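Okay, here's what each chain looks like letter by letter:
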Amino acid sequence: MITHAVIFAPIGQASRSDQIVQRLSNAIITGLLEANEQLPNEADLAKMMGVSHITIREALNTLRANNLIHTVRGRNGGSFVCEQAWEFSNTLNPFKTLSTDYLSDLGEMHCAIISHSARLASRRMTNADITRLREFVEVLNSATSPEARTQADMRCLLAIAACSQSARLANQELILQSEWSSLVAIPFRSENIHREIVELYSSLIDTLASHNESVSVKMAKDLIDTFTFYLIENKLKYSAN
């Protein structure tokens, strides 16, 4: 599952334990990791996220202390997402520790990646690529839960990056998704925002299919700018409560 590939992608160098806690907390609170879902074991997590067993153990201990996961001992044991994780959303909500400046900067970075990906994709996409992207957008259109919408959105964005035929751009998009996916799950709870995003994707696909480079760049920018606007709006609403 592409969501999990992003959630458990390698961690950067600084404050590794804190990064793991933040990433997994966001994934749990926003529903990307579901109640009662079992996490990979410590050895697998360490390998997947590129950190030591000690770092993983420290992060899991923090998640347990925050009542986001619980551990079952024995043959079929492991670490599982707690059912009551949503009860802690007010204290662990991803918007609690993120500033509007941070969200704006994240949006600008994402806009740079996707708009340039769209520029290249408008030149290089085949009819088969367009058909596949339309199918991904239709999955997004049909999705009814924030988790399903977020997963579909990730596929759409990664498909655009992949169609640029730039491995570096596609890799940067994958790295950025570890932050992006856990945040957009929150505005995707809104039916109106969901419909607006689907319409923006549909318009972007039409311009990509016509190989209109300048308009494709504009539409890609509008898409990410809209996401960023709603992320900042949710942050302000959270701060006002």
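Structure: see above.
Definitions and limits used
Residues numbered from 1 in each chain as written. Predicted model: local features only at pLDDT ≥ 70, side-chain atom pairs only at ≥ 80, totals over all residues. Heavy atoms only, no water. Helix = DSSP H or I, 4+ residues; strand = E, 2+ residues; numbered from the N terminus. Buried < 20%, exposed > 50% of the residue type's maximum accessible area, 1.4 Å probe, protein only. Areas by Shrake-Rupley, 256 points an atom, 1.4 Å probe, with all protein chains shown as cover. Core = buried A, V, L, I, M, F, W, Y, C linked by side-chain atoms within 4.5 Å. Contact = heavy atoms within 4.5 Å. Axes fitted to C-alpha atoms, helices over the stretch in contact; angles between N-to-C directions. Parallel < 35°, antiparallel > 145°, perpendicular 65-115°, else oblique. Nonpolar A, V, L, I, M, F, W, Y, C, P; charged D, E, K, R; others polar.

## Structural notes on the overall build of the protein
- When helices and strands are tallied, the protein shows 11 helices and two strands.
- Each helix and strand of the protein, placed in order from N terminus to C terminus, yields the pattern α-α-α-α-β-β-α-α-α-α-α-α-α.
- When each of the 241 residues of the protein is scored for burial, the buried share is 49%.
- Here the protein displays about 11,500 Å² of accessible surface, and carbon together with sulfur accounts for 51% of that area.

## Overview of the nonpolar core
- Counting residues in each nonpolar core, the largest one holds 44 residues, and the members touching the most others are L133, W180, I197, Y201, L208, L223 and F227.
- For this core, the elements supplying multiple residues, two or more each, are α6 (100–124), α7 (127–142), α8 (146–163), α9 (167–184), α10 (191–209) and α11 (213–240).
- Not counting residues within four places of it along the chain, the set of residues in contact with L133 comprises M125, C156, A159, I160, I205 and L208.
- Judged by nonpolar contacts, the second largest core, of 21 residues, contains I28, I56, A59 and I69.

## Notes on the environment of V81
- By the element assignment, V81 lies in strand β2 (residues 78–81).
- As a C-alpha pair, V81 and L68 span 13 residues in sequence and 6.0 Å in three-dimensional space.
- With sequence-adjacent residues up to four places away left out, V81 is seen in contact with I28, L33, E34, A35, N36, E37, L68, I69 and H70.

## Re the packing of α7 against α10
- For the pair α7 and α10, the least separation of the axes is 10 Å and the interaxial angle reads 170°. It follows that α7 is roughly antiparallel to α10 by the angle criterion. Between α7 and α10, the residues in contact are I130, L133, R134, V137, L140 and N141 and H194, I197, V198, Y201, S202, I205, D206, L208 and A209, respectively.
- Its residues placed into classes, the contact of α7 with α10 shows 10 nonpolar, three polar and two charged.

## Let's talk about unusual backbone geometry
- Here N36, not a glycine, exhibits a phi torsion of approximately 75°, which is positive.
- Along the polypeptide, N36 turns up in the loop between α2 (16–29) and α3 (42–49).

## Some points on the environment of I54
- Relative to the helices and strands, I54 resides in helix α4 (residues 53–65).
- On the basis of relative accessibility, which here comes to 62%, the residue I54 falls in the exposed class.
- Counting along the chain gives 37 residues from I54 to S17, while the straight-line C-alpha distance between them is 9.1 Å.

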